[in-house]
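Structural overview for review
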Amino acid sequence: MRLFAAVLPPSAAADELARAADKLKHLPGAADLRWTLRESWHFTLAFMSEVADTTVPELSDRLSRAARRTPPFPLSLHAGGHFGDRALWAGAKGDVETLRLLARRADAAARKSGITMEEHRHYRPHLTLARGRGEPSLRPYADALADFGGAQWTVTELTLVRSNLPVSGVPGERPRYEVVGRWPLGGAG
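Residues numbered from 1 in each chain as written. Predicted model: local features only at pLDDT ≥ 70, side-chain atom pairs only at ≥ 80, totals over all residues. Heavy atoms only, no water.

**What to know about the environment of Gly-132**
Put simply, the rule reads: In this text, helices come from DSSP runs of H or I with a minimum length of four residues, and strands from runs of E with a minimum of two, each type numbered from the N-terminal end.
Position of Gly-132 relative to the elements: it lies in the loop between strand 6 (127–131) and helix 4 (139–144). In this structure the C-alpha to C-alpha distance between Gly-132 and Gly-91, which are 41 residues apart in sequence, comes to 18 Å.

This is the structure:
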């Protein structure tokens with residue numbers, strides 16, 4: 001199964017971002033973008049791709065330990081950016097260093113469970129809002145998000161999510177995400 005470790009924004013934070021994203025959908029060219037569904041919004045910490053069912057119990061144990069070792073921390077959705085003209089995203093503000101630490105710990109948990117991971121890269125927290133194919137340019141959308149700042153919340157859990165890829169062949173169908181595990185951060189309950 002395709003798995004990733006993530007931090008999910010609470011409903012109130014997603015509401016704020018949804019209002020900002022709705023305004024972006026009125027910009028020229030917005031209909032040419034593939035907008036992500038609100039229920040799929042997340043900060044990926046570690047993408048594990050294909051994981052054998054037999055590996056999930058050990059991975060879950062290791063992610064639980066990583067969560068216990070990480071204190072709850074403040075975070076908010078903030079501004080935006082883009083990766084070329086292929087992904088538009090909202091960023092994070094708050095204790096981003098602890099978010100990066102949690103990402104390193106989730107990556108280490110996967111590696112120690114025997115999962116082959118991509119080469120280490122500097123973690124850049126982002127929540128994907130839309131995907132493009134080179135046209136239109138995503139810069140105007142990122143610029144429109146420059147002043148966006150959501151309310152702060154406390155991150156209290158690490159989540160393991162399964163990505164179910166589309167199989168119907170229906171144009172526009174998107175992956176469905178299913179939470180397969182949640183672990184409270186240290187001291188969060």
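**Thoughts on the nonpolar core**
The condition that has to hold: Here the nonpolar core consists of buried residues drawn from Ala, Val, Leu, Ile, Met, Phe, Trp, Tyr and Cys, with membership extended through side-chain atoms lying within 4.5 Å. Each residue is assigned to one of three classes by its accessible area relative to the maximum for its type, calculated with a 1.4 Å probe on protein chains only: buried under 20%, partly exposed between the two thresholds, exposed over 50%. The contact criterion used throughout is that any non-hydrogen atoms of two residues lie within 4.5 Å.
Phe-43, Leu-45, Met-48, Leu-75, Leu-88 and Leu-158 are the most contacted members of the largest nonpolar core, which totals 52 residues. For this core, the leading source of residues is helix 3 (residues 96–112), giving 7 residues. Once you skip the residues sitting within four places of it in the chain, Leu-45 turns out to touch Ala-5, Ala-6, Val-7, Leu-99, Leu-102, Ala-103, Ala-106, Tyr-123 and Leu-158.

**Topic: the sheet that holds strand 3 (residues 43–50)**
Keep this limit in mind: Two strands qualify as a pair provided that DSSP identifies no fewer than 2 bridges between them. To obtain each axis, a line is fitted to C-alpha atoms, and for helices this fit is confined to the stretch in contact; angles are then taken between N-to-C directions over 0 to 180 degrees.
A sheet is described by the order of its strands in space; here 4 strands give the open sequence 3-1-8-9, paired in antiparallel fashion. Lying at the two open borders of the sheet, with one neighbouring strand each, are strand 3 and strand 9 (176–184). Sheet twist, expressed as the average angle between the axes of neighbouring strands with direction ignored, equals 20°. The sheet contact formed by strand 8 (residues 157–164) and strand 9 spans 8 bridges and is antiparallel. By the bridge assignment for strand 9, Leu-158 is matched with Trp-183. Against the sheet, helix 2 (residues 56–68) engages strand 1 (2–7), strand 3, strand 8 and strand 9, with an angle of about 55° to strand 9. The strands touched by helix 3 within the sheet are strand 1, strand 3 and strand 8, with strand 3 carrying the most contacts at an inclination of about 15°.

**Structural notes on the confidence of the model for the protein chain**
Going by this rule: pLDDT is defined as a per-residue confidence score from the predictor, taking values between 0 and 100.
This prediction gives the protein chain a mean pLDDT of 91; 93% of its residues lie at or above 70. For the protein chain, per-element mean pLDDT is lowest for strand 3, which scores 91, and highest for strand 7 (residues 153–155), which scores 98.

**What about the packing of aromatic side chains?**
Short version of the rule: Only the six-membered ring of Trp is used, alongside the rings of Phe and Tyr, when aromatic pairs are assigned; centres must lie within 6.5 Å, and planes under 30 degrees apart are stacked while those over 60 apart are edge-to-face, with the rest tilted.
One pass over the full model with this rule turns up 3 aromatic pairs. Aromatic pair Phe-4 and Tyr-177: ring centres 5.3 Å apart, planes at 85°, arrangement edge-to-face. One end of the pair, Phe-4, is in strand 1; the other, Tyr-177, is in strand 9, and 173 residues separate them in sequence. Seen from their ring centres, Trp-35 and Tyr-141 are 6.2 Å apart, and the 70° between their planes marks the pair as edge-to-face. Here Trp-35, found in strand 2 (residues 34–35), pairs with Tyr-141, found in helix 4; they are 106 residues apart in sequence, far enough to count as distant.

**Here we look at the pairing of strand 4 (residues 73–83)**
Where strand 4 lies against strand 7, 3 bridges are found, and the strand directions are antiparallel. Residue pairing for strand 7: Pro-74 is matched across the bridge by Thr-154. The pairing of strand 4 with strand 5 (residues 87–94) spans 8 bridges and is classified as antiparallel. The residue bridging Gly-80 from the neighbouring strand is Ala-90, located in strand 5. Joining the antiparallel neighbours strand 4 and strand 5 is a turn of 3 residues, in which Gly-84 adopts a positive phi near 55°.

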